[in-house]
Amino acid sequence: MIVVLVGPAGVGKGSIVRGLLSERADFVLSVSATTREPRDSETDGVEYYFVSDEQFDRMIEDKQMLEWAWVFGLNRYGTPKKPVDKLQAEGKTVILEIDLGGARQIMKTAPEAIQIFIAPPNFDELQQRLRGRGTETEEQLAARLKTAKDELKAQDEFDQVFINDELDKTTQEVLDYILRRKEENE
Ligand code: 5GP
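Let me sum up the structure you'll find in this document. (Residues numbered from 1 in each chain as written. Predicted model: local features only at pLDDT ≥ 70, side-chain atom pairs only at ≥ 80, totals over all residues. Heavy atoms only, no water.)

Moving on: the packing of helix α5 (residues 123-133) against helix α6 (residues 138-153). Relative orientation of the contacting elements α5 and α6 amounts to 150 degrees, with a least axis distance of 11 Å. When the axis of α5 is compared with that of α6, the two are roughly antiparallel. Handedness of the crossing formed by α5 with α6: right-handed. In this structure, α5 contributes Phe123, Leu126, Gln127, Leu130, Arg131 and Arg133 to the contact, and α6 contributes Glu138, Leu141, Arg144, Leu145, Ala148, Lys149 and Leu152. Here the contact of α5 with α6 is composed, by residue class, of seven nonpolar, one polar and five charged. (Axes fitted to C-alpha atoms, helices over the stretch in contact; angles between N-to-C directions. Helix = DSSP H or I, 4+ residues; strand = E, 2+ residues; numbered from the N terminus. Parallel < 35°, antiparallel > 145°, perpendicular 65-115°, else oblique. Left-handed = near helix turned anticlockwise from the far one by under 90°. Contact = heavy atoms within 4.5 Å. Nonpolar A, V, L, I, M, F, W, Y, C, P; charged D, E, K, R; others polar.)

A word on the site of the ligand. The environment of the ligand is made up of 17 residues, and the closest members are Ser32, Arg36, Tyr48, Tyr77 and Asp99. Side-chain polar atom of Tyr48 to an oxygen atom of the ligand: 2.6 Å apart, as the coordinates give it. Within the complex, 94% of the 510 Å² of free accessible area of the ligand lies under protein. Where the shell around the ligand is concerned, the elements lending two or more residues are β5 (65-71) and β6 (75-80). Broken down by class, the residue content of the shell around the ligand amounts to six nonpolar, four polar and seven charged. (Near = heavy atom within 4 Å. Polar contact = N/O pair within 3.5 Å; in protein donor to acceptor, adjacent residues only side chain to side chain. Areas by Shrake-Rupley, 256 points an atom, 1.4 Å probe, with all protein chains shown as cover.)

This is the structure we're talking about:
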């Protein structure tokens, strides 16, 4: 089972995923490849596989990507296919925390995947959260907020939308929804 989790940067997807993983030993987060530079706190192979443009080109050519996209117009991010196949074969629920473009590719190539959108209570709050995080430059912030507007317009394409107004509550709602969908599938 693949679960796609989409939502604007700063909406709290990362925290929701951490909550899901701590609740369920059979849930695994897919580690993406990216051409973005690692942040100080990040380790290669943990948050992402940090790769060069050439390596990313090769992964696409070799058809190693389940999906990939330019994100914020600055860097490419993609889901390596092999680990996802392996985890699925092991019966794991694989979470993909990806952008809208990537989710749309999965809607086509894996229509059985559960598609979830996480929305902020409102745009001002999203802006504040993103600024408060302090991990982006002004230029990066502007790119993320512009992308956020486009993403928010696309909510209807998803199976279910959750408004992240309170982290623990939202995490539980997302978990309940995934488990219900899994049950329906069995
Ligand atoms: P960040 O640079 O903050 O780590 O991630 C930025 C955004 O990249 C995330 O919010 C997520 O939407 C997107 N992203 C991360 N990994 C992938 C991936 O494998 N594929 C796609 N399409 N987008 C990704």
